[in-house]
Amino acid sequence: MANVVEIPDSDDEIEVQNSATMESDDRRLETRSFWKAGAFEIGPTKWDPSQGDLEHARVHPKFLHSNATSHKWAFGAIAELLDNAVDEINNGATFVKVDRIYSKRDNSPALLFLDDGGGMDPEGIRKCMSLGYSTKKTNSTIGQYGNGFKTSTMRLGADVIVFSCASRNGRETRSVGLLSYTFLRKTGQDDVIVPMIDFDASKHWAEPIVYTSLDDWSTNLKTILEWSPFASKDDLMQQFEDIGSHGTKIIIYNLWLDDEGIYELNCDEDDEDIKLRDEASRLSKVSKKAAETQAHISYRILHSLRAYASILYLRKFKNFKIFLRGKLVEQYNIADDLKYQEVVTYRPHVSTTKEAAVETTLGFMKEAPALGITGFNVYHKNRLIRPFWKVTSDGHSKGYGIVGVLEANFIEPAHDKQDFERSSLFSRLEMKLKQMQMEYWRHHCHLIGHKPDPSLVRKMQKVSTTPLHDSQGERVNKTTAGIVANPRLDYSVSQIGSLGTPILQAPPGYETGFDQDVSYGDDGSRDIDQICDENIQLFMRCEEYMQKENELKNTVEDLEKQVAETKRKCAELSSRLELLRSQKAMR
């Protein structure tokens, strides 16, 4: 049990002597650029274990930086912190707020994350600050590696301070933890030291909780006040006021700069958004036509946090909201805007007793074919991992404008949750998505102005040639009616060949540039689209053979079990016969 000890509140005892020290150059890192912050020499260790102490693996502060480099993209780091808040829905969380605030010490910008989840008690915040520890073991939670908090916060800024309120077993606690790369570097530490203090608020006032000694508690408090944006204990305690009885507040400060000395995150361009400065400046230099294309959500997610957060989660929340800079983030499901939707079910071969089924929604974007947005949005446990993933090459003419949405829980995401681990399951999924895209194109490309696939036309001609009548009473071929006389199309039949093959014309002024049906080049070489189609067909045949092989293996296993059971019964009957013979001989 921890002892509860009264701590003097006198600012003379706990306030930092020089509140301006954070502003002086000697209190900052040598470089404020994230990608250069780890470039320093490691000095000799100062640790000298006393007799009887157990030796243990140490974590050098440089590891905090190298560990955070797993996040190449700043928005990926922010998504990790949003995931932590979303996981708190199971503990009653109803919102998470993300905002830009300013440090009270030096007026520098900082990032704020605030949620009203269950919060962390003293034990919980220590596990949060530890490396590689996670209590998230259920299938409903997004986090699982116990490393997201450290990598994400250190990727966004050099320092982070955490405030958390929790109520466990009738006891209300308030905890503060500081993870400061600046403190560790500037004081020459060769091990990661995380000062933390806790308070018992069960009696409606905060009583410090002391685990070891009063001196240790005071030292932790002094370190937090010296290296955080808060110069006094009163300033520190005020941070709990907007949390309430439960929840967590994260403040990331000393935000990283780019190579030009400008903050990596741009909060000045839009009062309701946070943008990536480099990407925004690049987009300002493109042509007007390219700018229209890049106004699409598939491009805006690259530089707008609001756009990225809007599609970050597949299913819309019922009782949970994300606020970005004071304004609600409207969730957007890409599948809602797809034209001519079709749902395809894929059953991957996974080594589980319960067979997985993945439903993929395919369709053309509402802007198709004016905008060539193509790709699959792949989610894992409701969280977006790969947005607009192109499974075909850019030069591939088929599949133009097709977008898909699916949730693939049977493959594991990488640690930064921006990609999937490369595995045989992942490779088979990629090939299956290619096949889905090509099949959808064959059956639907004429709906947005492309010529129908010739092989599909021939196939439909063979099915039936029953004469029908169009709206003007003219006799038309059934195949022609099925492909051409679609009420959603503006196509006309200019000629029907002797074999009944429809020759279609697009509406006037409608050019896509993808209406060429070339199987062979001038030199007799095969078209790349035809090769890709054949590869996909071969892949599907392999899938069928694999499925048959698995079925045969199961059949063999069942037969082997039956043989073993038959042998057991024969042995049992044989022993009974021997027993009867011996009894008869004795008589």
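Residues numbered from 1 in each chain as written. Predicted model: local features only at pLDDT ≥ 70, side-chain atom pairs only at ≥ 80, totals over all residues. Heavy atoms only, no water.

S.K.: Where do I start with the pairing of strand 4 (residues 157–168) in this structure?
M.R.: Strand residues, when the strand is regular, have side chains that alternate between the two faces of the sheet. Of all twelve residues that make up strand 4, ten are buried, and the element is covered over most of its length. Two strands pair when backbone bridges link them, and strand 4 and strand 8 (residues 247–255) are joined in this way by eight bridges, in the antiparallel orientation. Bridge pairing in strand 8 places Ile161 opposite Ile251. Where strand 4 lies against strand 5 (residues 171–180), ten bridges are found, and the strand directions are antiparallel. Looking at strand 5, one finds that Asp159 is bridged to Ser180. Hairpin connection, strand 4 to strand 5: the antiparallel pair is bridged by two residues, and Asn169 has positive phi, about 55°. (Buried < 20%, exposed > 50% of the residue type's maximum accessible area, 1.4 Å probe, protein only. Helix = DSSP H or I, 4+ residues; strand = E, 2+ residues; numbered from the N terminus. Pairing = 2+ DSSP bridges.)

S.K.: Before we go on, may I ask you to explain the packing of aromatic side chains in this structure?
M.R.: The relative placement of two aromatic rings is captured by the distance of their centres and the angle of their planes. Throughout the structure, instances matching the rule amount to 14 aromatic pairs. Centre to centre, the rings of Phe317 and Phe320 are 5.3 Å apart; their planes meet at 75°, and the pair counts as edge-to-face. Of the two residues, Phe317 and Phe320, neither departs from the other in class, the shared state being buried. Seen in terms of ring centroids, Trp389 and Phe426 are 5.2 Å apart; in terms of plane orientation they differ by 15°. Their pairing is stacked. Of the two residues, Trp389 sits in strand 16 (residues 383–389) while Phe426 sits in helix 13 (residues 424–444), which places them 37 residues apart along the sequence. The pair formed by Trp389 and Phe426 is uniform in burial state, with each residue classed as buried. In textbook terms, an aromatic cluster arises when at least three aromatic residues are bridged by ring pairs, as seen for Trp73, Phe75 and Tyr308. The ring of Phe95 has Lys97 lying over it, and the distance from NZ or CZ to the ring centre is 5.1 Å. (Phe/Tyr/Trp six-rings, centres within 6.5 Å; stacked < 30°, edge-to-face > 60°. Lys NZ or Arg CZ within 6 Å of the ring centre and 35° of its normal.)

S.K.: Please clarify how the pattern of salt bridges should be interpreted in this entry.
M.R.: Between side chains of opposite charge, pairing is possible as soon as their charged atoms come close. Inspection of the entire model under this criterion finds 24 salt bridges. Here Glu264 makes a salt bridge to Arg155, at a shortest N to O gap of 2.9 Å. Here the residue Glu264 occupies a position in the loop between strand 8 and strand 9 (265–266), and Arg155 occupies one in helix 5 (residues 148–156), the gap between them amounting to 109 residues. What makes Glu264 buried here is its relative accessible area of 19%. In this structure, Arg422 and Asp419 form a salt bridge, with 3.3 Å as the shortest nitrogen-oxygen distance. A single network of salt bridges, built from pairs that share partners, joins Glu565, Arg568, Glu572 and Arg576. (Salt bridge = Lys/Arg side-chain N within 4 Å of Asp/Glu carboxyl O.)

S.K.: Whenever I open this one, the packing of helix 3 (residues 74–87) against helix 5 confuses me. Can you help?
M.R.: If you want to describe how two helices pack, look at the angle between their axes and the distance between the axes. Relative to each other, helix 3 and helix 5 sit at 140°, their axes nearing to 8 Å. It follows that helix 3 is oblique to helix 5 by the angle criterion. Pair helix 3 / helix 5 crosses with left-handed handedness. In contact with Ala74, Ala77, Ile78, Glu80, Leu81 and Asn84 of helix 3, helix 5 contributes Gly148, Phe149, Ser152, Thr153, Arg155 and Leu156. The residue makeup of the contact of helix 3 with helix 5, split by class, is six nonpolar, four polar and two charged. (Axes fitted to C-alpha atoms, helices over the stretch in contact; angles between N-to-C directions. Parallel < 35°, antiparallel > 145°, perpendicular 65-115°, else oblique. Left-handed = near helix turned anticlockwise from the far one by under 90°. Contact = heavy atoms within 4.5 Å. Nonpolar A, V, L, I, M, F, W, Y, C, P; charged D, E, K, R; others polar.)

S.K.: Hey, could you run me through the nonpolar core in this one?
M.R.: For soluble globular proteins, nonpolar side chains are generally found buried alongside one another. With 92 residues, the main nonpolar core has Leu156, Ile161, Phe163, Leu236 and Ile252 as its most contacted residues. The element that contributes the greatest number of residues to this core is helix 3, accounting for nine residues. The contacts of Ile161, once residues within four sequence positions are left out, are Val176, Gly177, Leu178, Ile224, Ser228, Phe230, Leu236, Lys249, Ile250, Ile251 and Tyr253. Among the nonpolar cores identified, the runner-up in size contains 28 residues, and Tyr346, Val358, Ile385 and Tyr400 belong to it. (Core = buried A, V, L, I, M, F, W, Y, C linked by side-chain atoms within 4.5 Å.)

S.K.: Looking at this structure, I do not really get the confidence of the model for the chain. What am I missing?
M.R.: Interpretation of the predicted coordinates at a detailed level should be avoided for regions scoring low in pLDDT. Of the residues in the chain, 71% have a pLDDT of 70 or more, and the chain-wide mean is 78. For the stretch residues 1–8, pLDDT sits under 50, and the model shows 18 contacts to residues farther than four places along the chain or on other chains. Across residues 132–146 the pLDDT falls below 50, and counting only partners more than four positions away or on other chains, this stretch makes 38 contacts in the model. (pLDDT = per-residue confidence, 0-100.)

S.K.: Whenever I open this one, the sheet that holds strand 17 (residues 402–407) confuses me. Can you help?
M.R.: Sheets are built from strands paired through backbone hydrogen bonds, the pairs being either parallel or antiparallel. Taken together, five strands build an open sheet; the order of strands is 13-14-17-15-16 and the sheet is mixed. Lying at the two open borders of the sheet, with one neighbouring strand each, are strand 13 (338–346) and strand 16. Neighbouring strand axes in the sheet, compared pairwise and without regard to direction, differ in orientation by 15° on average. Bridge count for strand 13 against strand 14 (residues 358–365) is seven bridges, and the pairing is antiparallel. Paired with Thr345 across the two strands is Glu359, which belongs to strand 14. Where helix 13 meets the sheet, it contacts strand 13, strand 14, strand 15 (375–380), strand 16 and strand 17, and its direction lies at approximately 135° from that of strand 13.

S.K.: I keep staring at helix 7 (residues 214–227) and nothing clicks. Help me out?
M.R.: It helps to recall that an α-helix has 3.6 residues per turn; residues three or four apart then point in one direction. Taking 1.5 Å per residue, 14 residues should reach 20 Å; helix 7 reaches 20 Å between its end C-alpha atoms and fits that length. Every buried residue of helix 7 is listed here: Trp217, Leu221, Thr223, Ile224, Leu225 and Trp227. (Expected span 1.5 Å × (residues − 1).)

S.K.: Please explain the side chain of Thr182 as it appears in this structure.
M.R.: Positionally, Thr182 belongs in helix 6 (residues 181–186). Among the polar contacts made by the side chain of Thr182, one reaches the side chain of Asp159 at a distance of 2.8 Å. (Polar contact = N/O pair within 3.5 Å; in protein donor to acceptor, adjacent residues only side chain to side chain.)

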